[in-house]
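Working through the structure, step by step
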Amino acid sequence: MIIDFGSQYNQLIARRVREQRVYCQIEPPDIELSRVRSLAPQGIILSGGPASIYWKGSPKLDPRIFSLGIPILGICYGMQYMMDSLGGKVERTAKREYGLATLNIIESSGIFSGIPPETTCWMSHGDVISILPGGFAATASTENTRVAAAEDHKRKLYGLQFHPEVAHTPEGRKMLRNFLFPICGCAETWTMKSFIERSVKELRQEVGGRGAILGLSGGVDSSVTAVLLNKAIGRQLTCIFVDNGLLRKGERERVRGLFKDYLKLNVRLVNAKSRFLEPLKGVIDPEKKRKVIGKAFIKVFEEEARGLKSVEYLAQGTLYPDLIESRSAFGGPSAVIKSHHNVGGLPKKMNLKLIEPLKHLFKDEVRLLGRELGLPGDIIHRHPFPGPGLAVRIVGEVTPKRLSMVRDADSILIEEIKKSGSYGKLWQSFVVLLPLKTVGIMGDKRSYEHIAVIRAVTSLDAMTADWARISHPLLARISNRIINEVRGVNRVVYDISSKPPSTIEWE
């Protein structure tokens, strides 16, 4: 069990645990002690977070959890909360510690078994533990932090002031492995195969004999969700592909060919272009766009559901990054970054119950799941496409003319990226259309037309991303084709922003 104290990257800890083939789930800090007992975890990890122990309203956990006899590892704020709760003292330090630090290990056992006596770790804190609780001993230090790690071996309570889950702590995975296996006694049994078995069982129990509909977009997430649900409830599932006028070029025909004809799923194609484009007229704010689109989707799904027998559920391919950017996924105090149309963009009242079987998974895990379910490679490795579609790739008002420009430019980009052999090396690549015009010269005449932005990033999980170092000749070919073939565009620029501070999508 991982307790979410508000770190924006708390699920990175979960990924590190799952990489060791151990199942884990994240719970909020206000979890009842009775629920902890009923879940009976073999170990508990307390995540980091942005708060300080002495702040008013800082997240708290029932301190009786430390008396359950379950091994517990506190990371950063989690360690400080553990020490404070058990009688130690945490205070503000004059020398804050952010970034890389040299870790000197005092006790090479337990968490640090098999770790070199001196290694590198990633620090991010302004508070320190000045007094340890009774029974604890310091097990590592840095130049600025006397207690960089501590443990009470008898009670199996451990604390790390640094972050073992990040790549900048090179021995971090080994430390977490030491906690999972020798200390907690976990077994390496969690795989995508076991995830399918558990999900199918849970979905059958939840849905029963009732019907469910799924908004199928043709992207990785909804495609994997469709095949997983089809495995669980078969013909009780109706996949609804909504042509909302915000799709990529040729998307409707591709979805019909793959899902209806090849995979033999129960798919209904709905033409609802006007129902999306009309309410988007004059809308400029990206949050409003997402909510308008989310509301329109739900209306379409509810109307389609009324025409089907005993449909009570709406299924969506929501992933963890969608959740964490829209709200704190597990009730913890993480900050909201933006609404996703299938999370924060949902209306407060709707007549269908929501099913999100992938909501605790990262994109790379979903791809592994898709492979296990037998989906074709071109679906599994397809670049992510936002639920609100091209509406959030047009900065400003969405109009038919602008949609045509961004759709054609995006098609050229993807075609050239694939031809170059770069597609599989990128997390995502797409075109954004700006509401700006610039002067140019085309055919010996002055032109005054739009700017198209190329966005291409590399990433492992979309939680962080870096701009892709695409070759100049490839960029030149893409730019040349867009300017020559897309009417209304006379300038192409390349986005060289990373996430954070920027998000991958522009809106």
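Given the structure is predicted, the values throughout are model-derived calculations rather than measurements.

Our next topic: the sheet that holds strand E12 (residues 267-271). With parallel pairing, five strands are arranged side by side in an open sheet as E12-E11-E10-E13-E14. The open sheet has two edge strands, E12 and strand E14 (353-355), and neither has a second partner. The mean angle between the axes of side-by-side strands here comes to 30 degrees, regardless of whether they run parallel or antiparallel. Those strands touched by helix H7 (residues 251-262) are strand E11 (237-243) and E12, and its axis lies near 165 degrees from that of E12.

Applying the stated criterion across every chain, the model contains 34 salt bridges. A salt bridge links Asp 408 to Lys 249; its shortest N-O distance comes to 3.2 Å. Within this pair, whereas Asp 408 is found in helix H13 (residues 400-420), its partner Lys 249 is found in the loop between E11 and H7, the two being separated by 159 residues in sequence. Ionic pairing is found between Arg 469 and Asp 466, a salt bridge with its closest N-O pair at 2.9 Å. Linked through salt bridges whose partners overlap, the residues forming this network are Glu 415, Glu 416, Lys 419, Arg 477, Arg 481 and Glu 485.

Another point: the side chain of Ser 429. Note on placement: Ser 429 falls in strand E15 (residues 428-442). Owing to a relative accessible area of 4%, Ser 429 belongs among the buried residues under this scheme. Only 3.1 Å separates the side chain of Ser 429 from the side chain of His 383, close enough to count as a polar contact. Non-local contacts of Ser 429, meaning those with residues more than four positions away in its chain, are made with His 383, Asp 410, Leu 413, Ile 414, Ile 417, Arg 455 and Ala 456.

Right, let's talk about the nonpolar core for a bit. Counting residues in hydrophobic clusters, the biggest one holds 48 residues, and the most contacted among them are Ile 213, Val 242, Phe 276, Phe 301, Ile 417, Ile 482 and Val 489. Where this core is concerned, the elements lending two or more residues are E11, helix H9 (286-306), strand E13 (311-315), H13, E15, strand E16 (445-458), helix H14 (472-485) and strand E18 (489-494). Contact partners of Val 489, with chain neighbours within four places excluded, come to Met 405, Leu 433, Met 442, Glu 449, His 450, Ala 452, Ile 482 and Ile 483. Ranked by size, the runner-up nonpolar core spans 39 residues in total, among them Ile 196, Phe 241, Leu 319 and Ile 355.

This next bit is on the pairing of E15. Relative to E16, E15 runs antiparallel, the two sharing 12 bridges. Within E16, the position partnered with Val 431 by the bridge is Ile 454. The loop that links E15 with its antiparallel partner E16 comprises two residues; one of these, Gly 443, has a positive phi angle of about 60 degrees.

Here the second largest pocket defines a volume of roughly 510 Å³. At the level of elements, strand E2 (26-27), helix H5 (192-207) and E14 are the ones that each hand at least two residues to the lining of the second largest pocket. Ranked by the residues each element gives to the lining of the second largest pocket, the list is headed by H5, at six residues. For the lining of the second largest pocket, the residue count by class is 11 nonpolar, three polar and eight charged.

Before going further, it helps to examine helix H6 (residues 220-233). Under the 1.5 Å per step criterion, the end-to-end length of H6 is 20 Å for 14 residues, consistent within 8% with the ideal 20 Å. Among all positions in H6, only Val 220, Asp 221, Ser 222, Ser 223, Val 224, Thr 225, Ala 226, Val 227, Leu 228, Leu 229, Ala 232 and Ile 233 are buried.

The next point concerns the packing of aromatic side chains. Enumeration according to the criterion identifies nine aromatic pairs in this entry. Arranged with centres 6.4 Å apart and planes meeting at 35 degrees, the rings of Phe 66 and Tyr 81 form a pair that is tilted. Taken together, the residues span a long stretch of sequence, with Phe 66 in the loop between strand E3 (44-46) and strand E4 (72-75) and Tyr 81 in helix H3 (residues 77-85) at a distance of 15 residues. Relative to Phe 195, the ring of Trp 190 has its centre 6.3 Å away and its plane inclined at 80 degrees; by these criteria the two rings are edge-to-face. Pair check on accessibility: Trp 190 and Phe 195 agree, each one buried. A connected cluster of aromatic rings, assembled from ring pairs, spans Phe 5, Phe 66, Tyr 77 and Tyr 81. Between Arg 367 and the ring centre of Trp 427, over which it is positioned, the NZ or CZ distance is 5.2 Å.

Of note, the bond from Lys 499 into Pro 500 is cis; its omega dihedral lies within 30 degrees of zero at -15 degrees. Along the chain, Pro 500 falls in the segment after E18. That bond from Pro 500 to Pro 501 is cis: its omega, 10 degrees, falls within 30 degrees of zero. With respect to the helices, strands and loops of the structure, Pro 501 is situated in the segment after E18. Located in the positive-phi region is Arg 21, a residue other than glycine, with phi close to 65 degrees. The residue Arg 21 is located in the loop between helix H1 (10-19) and E2 in this model.

The next subject is the packing of H5 against H6. Following both chains from N to C, one finds H5 and H6 inclined at 65 degrees, their axes separated by 9 Å at the closest point. Handedness of the crossing formed by H5 with H6: right-handed. Residue-level inspection shows Phe 195, Ile 196, Ser 199, Val 200, Leu 203, Arg 204 and Val 207 of H5 in contact with H6, the latter providing Leu 228, Leu 229, Lys 231, Ala 232 and Ile 233. Of the residues that constitute the contact of H5 with H6, the class distribution is nine nonpolar, one polar and two charged.

A separate point is the environment of Met 192. Assignment of secondary structure puts Met 192 in helix H5. For the pair formed by Met 192 and Arg 21, sequence separation is 171 residues and the distance between their alpha carbons is 9.4 Å. Setting aside residues no more than four positions away along its own chain, Met 192 makes contact with Glu 365, Leu 368, Leu 369 and Glu 372.

Each pair of packed helices gets described by two things: the angle between the helix axes and the distance between those axes. Two numbers describe how H13 lies on H14: the axes approach to 10 Å, and their chain directions differ by 150 degrees. It follows that H13 is roughly antiparallel to H14 by the angle criterion. Viewed along their axes, H13 and H14 form a crossing whose handedness is right-handed. Two secondary-structure elements touch here, H13 through Ala 409, Ile 412, Leu 413, Glu 415, Glu 416, Ile 417, Lys 419 and Ser 420 and H14 through Leu 474, Arg 477, Ile 478, Arg 481, Ile 482 and Glu 485. Considering only residue class, the contact of H13 with H14 consists of seven nonpolar, one polar and six charged.

A few words on the sheet that holds strand E5 (residues 89-105). Taking strand neighbours across the sheet as the criterion, the nine strands line up as E2-E1-E3-E4-E9-E8-E7-E5-E6 in an open arrangement whose pairing is mixed. With partners counted over all chains shown, the strands left at the sheet margins are E2 and strand E6 (118-131), one partner each. Of the pairings in the sheet, the one linking strand E1 (residues 2-3) to E2 comprises two bridges and is parallel in character. Bridge pairing links Ile 2 to Ile 26 in E2. With respect to the sheet, H3 is in contact with E3, E4, E5, E6, strand E8 (149-152) and strand E9 (157-160), its orientation differing from that of E4 by roughly 120 degrees.

Conventions we followed
Residues numbered from 1 in each chain as written. Predicted model: local features only at pLDDT ≥ 70, side-chain atom pairs only at ≥ 80, totals over all residues. Heavy atoms only, no water. Pairing = 2+ DSSP bridges. Helix = DSSP H or I, 4+ residues; strand = E, 2+ residues; numbered from the N terminus. Axes fitted to C-alpha atoms, helices over the stretch in contact; angles between N-to-C directions. Contact = heavy atoms within 4.5 Å. Salt bridge = Lys/Arg side-chain N within 4 Å of Asp/Glu carboxyl O. Buried < 20%, exposed > 50% of the residue type's maximum accessible area, 1.4 Å probe, protein only. Polar contact = N/O pair within 3.5 Å; in protein donor to acceptor, adjacent residues only side chain to side chain. Core = buried A, V, L, I, M, F, W, Y, C linked by side-chain atoms within 4.5 Å. 1 Å grid on protein atoms, 1.4 Å probe; cavity = no way out; pocket = protein on both sides within 12 Å on 5 of 7 lines; lining within 4 Å. Points joined across faces, edges and corners; volume = space filled by probe spheres on them. Nonpolar A, V, L, I, M, F, W, Y, C, P; charged D, E, K, R; others polar. Expected span 1.5 Å × (residues − 1). Phe/Tyr/Trp six-rings, centres within 6.5 Å; stacked < 30°, edge-to-face > 60°. Lys NZ or Arg CZ within 6 Å of the ring centre and 35° of its normal. Left-handed = near helix turned anticlockwise from the far one by under 90°. Parallel < 35°, antiparallel > 145°, perpendicular 65-115°, else oblique.

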